[in-house]
Amino acid sequence: MDALEALDEMNRLLGSTDGETVNTSMRLPVALRDAAALAVAQFGAAPSTTTMTAAALRHALETLVMETSLRLHYEQHPTAEPTLGEVALALAAQDGSPLADRPDLIANAAVAVAARRADADADDVLLWAEAQLEVLA
Amino acid sequence: MRSIVLDNEAVQALADPHSAKHRGVVAHLAGAASRRRRGRVVTAVVPTAVRVEAAWDRTAPSAAAINRFPVRDHTLDPPAADVAAQIQRATSTGVADAHIGATVRSLSSTDVVVLTSDPAEIAAVCSSARVTIVNV
């Protein structure tokens, strides 16, 4: 099975509405299990430790699928990869932020942030741009 | 939790790497991935009536590429069909847009975003729902 086939199968499995459950032999550190039990019992973090574990696992897998699908797409279509500034602008629009109307400010913020932090993400850019907006106000 | 709903134009742009709007729609999914890395729950959904309008047949070999993006179907089940019919009657919109309105109303997300090329139409079908409409 190659990467694309694995991704397709993961997508199929994660999109399945089959609610069948299974007991697994997955081993968890005892301390982690006990901390999760306390989080559920004392802080209502989830209906049960099983629900909490399944939700965390689903979140991690869906994030991996989303990131991998984008990475493989960029490999096949390099011009489709948005810049850091373009991703930040998209998030500003989704957030309904006034920054969505300031692509110039976001583009400059992306350059400034990326120059300081190689692993910066779009929210770092938005925070920087928001600060610039405050300063300019 | 945020749900990003795609309309016909957004699907068409996502499906075609040569579309002028492709990179813009991909940027929205990349933003979703970025937020997920920060622990936020963000999902992308497509109403099935939109898939019909966009001719997105998940079983077609030509759909293999777009199928890889984790965009989940929101089905037009009987309750959704009833809501969509009410929207259609009130707005005289098309079936796909009416299904978008029904989808927005049924999502449990606290935050719903619709990617569309027709903000006015989407505003009409989502009139009673809190939604952020993004022009693509």
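(A) Local environment of the nonpolar core. Among the nonpolar cores identified, the biggest contains 68 residues, and A:A88, A:I106, A:V125 and B:V114 are the most heavily contacted of them. Per-element accounting of this core gives the leading share, 8 residues, to helix α4 (residues 84-95) of chain A. Residues from two domains meet in this core; each of domain 1 (3-80) and domain 2 (84-136) of chain A gives at least three. In contact with A:V125, other than residues within four places in its own chain, are A:L84, A:G85, A:A88, A:I106, A:A109, A:A110, A:V113 and A:A120.

(B) The packing of α4(A) against helix α2 (residues 22-37) of chain B, seen in detail. At their nearest, the axes of α4(A) and α2(B) sit 8 Å apart, and the two run at 85 degrees to each other. One element, α4(A), and the other, α2(B), form an angle in the roughly perpendicular class. Of the residues in α2(B), those touching α4(A) at A:E86, A:V87, A:A90, A:L91 and A:Q94 are B:A27, B:H28, B:A30, B:G31 and B:S34. Its residues assigned to classes, the contact of α4(A) with α2(B) comprises 5 nonpolar, 4 polar and 1 charged.

(C) Geometry of the pairing of strand β4 (residues 111-116) of chain B. Residue and element names in this part refer to chain B. Here β4 lies mainly inside the structure; 5 of its 6 residues are buried. Here strand β1 (residues 2-6) runs beside β4; their pairing, made up of 5 bridges, is parallel. Each residue of the ladder has a partner; that of L6, found in β4, is L115. Where β4 meets strand β5 (residues 132-135), 4 bridges bridge the pair, whose relative direction is parallel. Looking at β5, one finds that V114 is bridged to I133. Assessed by its sense of winding, the connection that carries the chain from β4 through helix α7 (residues 119-125) to β5 is right-handed.

(D) Spotlight on the interface of chain A and chain B. Each partner contributes residues to the interface: chain A has 25 residues there, and chain B has 24 residues. Within the residue set of the side of chain A that touches chain B, elements represented by two or more residues are α1 (3-15), α3 (49-76), α4 and α6 (122-136) of chain A. Here the side of chain A that touches chain B takes 8 residues from α3(A), the largest share from any one element. Residue composition of the side of chain A that touches chain B, grouped by class: 11 nonpolar, 8 polar and 6 charged.

Definitions and limits used
Residues numbered from 1 in each chain as written. Chains lettered and ligands numbered in written order. Predicted model: local features only at pLDDT ≥ 70, side-chain atom pairs only at ≥ 80, totals over all residues. Core = buried A, V, L, I, M, F, W, Y, C linked by C-beta atoms within 7 Å. Buried ≥ 20, exposed ≤ 12 C-beta atoms within 10 Å, placed from the backbone. Helix = DSSP H or I, 4+ residues; strand = E, 2+ residues; numbered from the N terminus. Domains from an automatic or database assignment. Contact = placed C-beta atoms within 7 Å. Axes fitted to C-alpha atoms, helices over the stretch in contact; angles between N-to-C directions. Parallel < 35°, antiparallel > 145°, perpendicular 65-115°, else oblique. Nonpolar A, V, L, I, M, F, W, Y, C, P; charged D, E, K, R; others polar. Pairing = 2+ DSSP bridges. Right-handed = clockwise from strand over helix to strand, strands pointing away.

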